[in-house]
Amino acid sequence: MVVKLEHRKISRAVISRLPRYYRFLGELLDAGVERISSGDLSKKMHVTASQIRQDLNNFGGFGQQGYGYNVKHLYSEIGKILGLDKTHNFIIIGAGNLGQALANYASFEKSGFILKSLFDVNPRLEGISIRGIRVRMMDELVDFLHNNDIEIAALTIPKSKAVEVADILVKNGIKAIWNFAHTDLTLPKDVIVESVHLSDSLMQLSYNISQRENVRKK
């Protein structure tokens, strides 16, 4: 039985690993694997078997001693924990290179994220379609939000406009923002913000390269 999240405080570290479990289990399903032990799963994920068991025990545990985990069942249950058993309508604000790249990522639909529209201020983009999804102008945004059940907005716009646009989104019912703008957003507590700083990842990569080079020089 899965423990409901509101009944237990789950650490961000555990939550950050759930999508990886889901992805690896999906690959195992595609490969026809029916069951797997925490030890074998740990080899694939480079996480200790003990850590895997601890993570899953936060939600009630799904394994059987001597058997391991039923891959299909565990994949389904983690999907439910992540809310992937439901659909989530979203929009993209900013139809430039990054916004269009996100719109072209068809795997979103497989996970239940349904892109409904993109918005931009550039009149040259008005009316173009990306995978059949129309780009609209920002002056259509408020009416669109009022007439469509949109849960999530992705921001792929310059940081100078991000705060202003985020405020408009929140005032018109958006409760979750996927923030690619290079700025932190301070919004009401009931609004969920997940910020993606691409440069941070590159800096971490640069750090790891530097550390490896320093080790080689010693």
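Criteria and thresholds
- Residues numbered from 1 in each chain as written.
- Predicted model: local features only at pLDDT ≥ 70, side-chain atom pairs only at ≥ 80, totals over all residues.
- Heavy atoms only, no water.
- Helix = DSSP H or I, 4+ residues; strand = E, 2+ residues; numbered from the N terminus.
- Contact = heavy atoms within 4.5 Å.
- Areas by Shrake-Rupley, 256 points an atom, 1.4 Å probe, with all protein chains shown as cover.
- Lys, Arg positive; Asp, Glu negative; His and termini not counted.
- Charge placed at Lys NZ, Arg CZ, Asp CG, Glu CD.
- Axes fitted to C-alpha atoms, helices over the stretch in contact; angles between N-to-C directions.
- Parallel < 35°, antiparallel > 145°, perpendicular 65-115°, else oblique.
- Core = buried A, V, L, I, M, F, W, Y, C linked by side-chain atoms within 4.5 Å.
- Buried < 20%, exposed > 50% of the residue type's maximum accessible area, 1.4 Å probe, protein only.
- Phe/Tyr/Trp six-rings, centres within 6.5 Å; stacked < 30°, edge-to-face > 60°.
- Polar contact = N/O pair within 3.5 Å; in protein donor to acceptor, adjacent residues only side chain to side chain.
- pLDDT = per-residue confidence, 0-100.

(A) How the structure looks around the overall build of the chain. Within the chain one finds 9 helices and 9 strands. Projected onto its principal axes, the C-alpha coordinates of the chain cover approximately 60 × 50 × 35 Å. Contacts in the chain between residues far apart in sequence, at least 24 positions, make up 57% of those at least 6 positions apart. A total of about 13,600 Å² of accessible surface is found on the chain, and carbon and sulfur atoms cover 51% of it. If the 29 positive side-chain charges of the chain are averaged to one point and the 23 negative ones to another, these points end up 8 Å apart.

(B) Region of interest: the packing of helix α1 (residues 12-30) against helix α2 (residues 38-45). The geometry of α1 relative to α2 is characterised by a closest axis approach of 11 Å and an angle of 105° between their N-to-C directions. Regarding the angle of α1 to α2, the classification is roughly perpendicular. Of the residues in α2, those in contact with Arg17, Arg20, Tyr21, Phe24 and Leu28 of α1 are Leu41, Lys44 and Met45.

(C) Focus on the nonpolar core. Counting 22 residues, the largest nonpolar core has Tyr21, Ile52, Leu56, Phe59, Phe62, Leu74 and Ile78 as the members making the most contacts within it. Those elements that provide at least two residues to this core are α1, α2, α3 (49-57) and α4 (71-81). The element that contributes the greatest number of residues to this core is α1, accounting for 7 residues. Counting residues in hydrophobic clusters, the runner-up holds 21 residues, among them Phe119, Ala166, Leu169 and Val170.

(D) Up close: the environment of Gly96. Summarising the element assignment, Gly96 is placed in the loop between β3 (88-93) and α5 (97-103). Sequence separation between Gly96 and Gly79 is 17 residues; the distance between their C-alpha atoms is 31 Å.

(E) The arrangement of the packing of aromatic side chains in detail. Considering all chains together, one arrives at 6 aromatic pairs under this definition. The interplanar angle of 80° and the centroid separation of 5.8 Å between the aromatic rings of Phe108 and Trp178 together place this pair among those described as edge-to-face. Remark: Trp178 occurs in strand β8 (residues 176-179) and Phe108 occurs in helix α6 (residues 107-110); sequence separation between them is 70 residues. Residue classification places Trp178 among the partly exposed residues on the basis of a relative accessible area of 24%. Ring centres 5.4 Å apart and planes at 70° place the aromatic pair Phe119 and Phe144 in the edge-to-face group. With Phe119 in strand β4 (residues 113-120) and Phe144 in helix α7 (residues 141-147), this pair connects stretches of sequence that are 25 residues apart. These aromatic residues form a ring-pair network of at least three members: Phe90, Tyr105, Phe108, Trp178 and Phe180.

(F) Molecular detail of the side chain of Thr156. Here Thr156 is to be found in the loop between β7 (152-155) and α8 (159-171). Note on Thr156: relative accessible area 15%, which makes it buried. Among the polar contacts made by the side chain of Thr156, one reaches the main-chain carbonyl oxygen of Gly94 at a distance of 2.7 Å. Beyond its immediate sequence surroundings of up to four residues, Thr156 is in contact with Ile92, Ile93, Gly94, Leu98, Gly99, Leu102 and Phe180.

(G) Local environment of the confidence of the model for the chain. The pLDDT averaged across the chain works out to 90; a share of 95% of its residues lies at or above 70. Per-residue pLDDT stays below 50 along residues 1-7; that stretch engages in 13 contacts with residues further than four places along the chain or on separate chains.

(H) Up close: the environment of His88. With respect to the secondary-structure elements, His88 resides in strand β3. In sequence terms His88 and Gly26 are 62 residues apart; their C-alpha atoms lie 20 Å from each other. Non-local contacts of His88, meaning those with residues more than four positions away in its chain, are made with Gly83, Gly112, Phe113, Ile114, Glu151 and Ile152.

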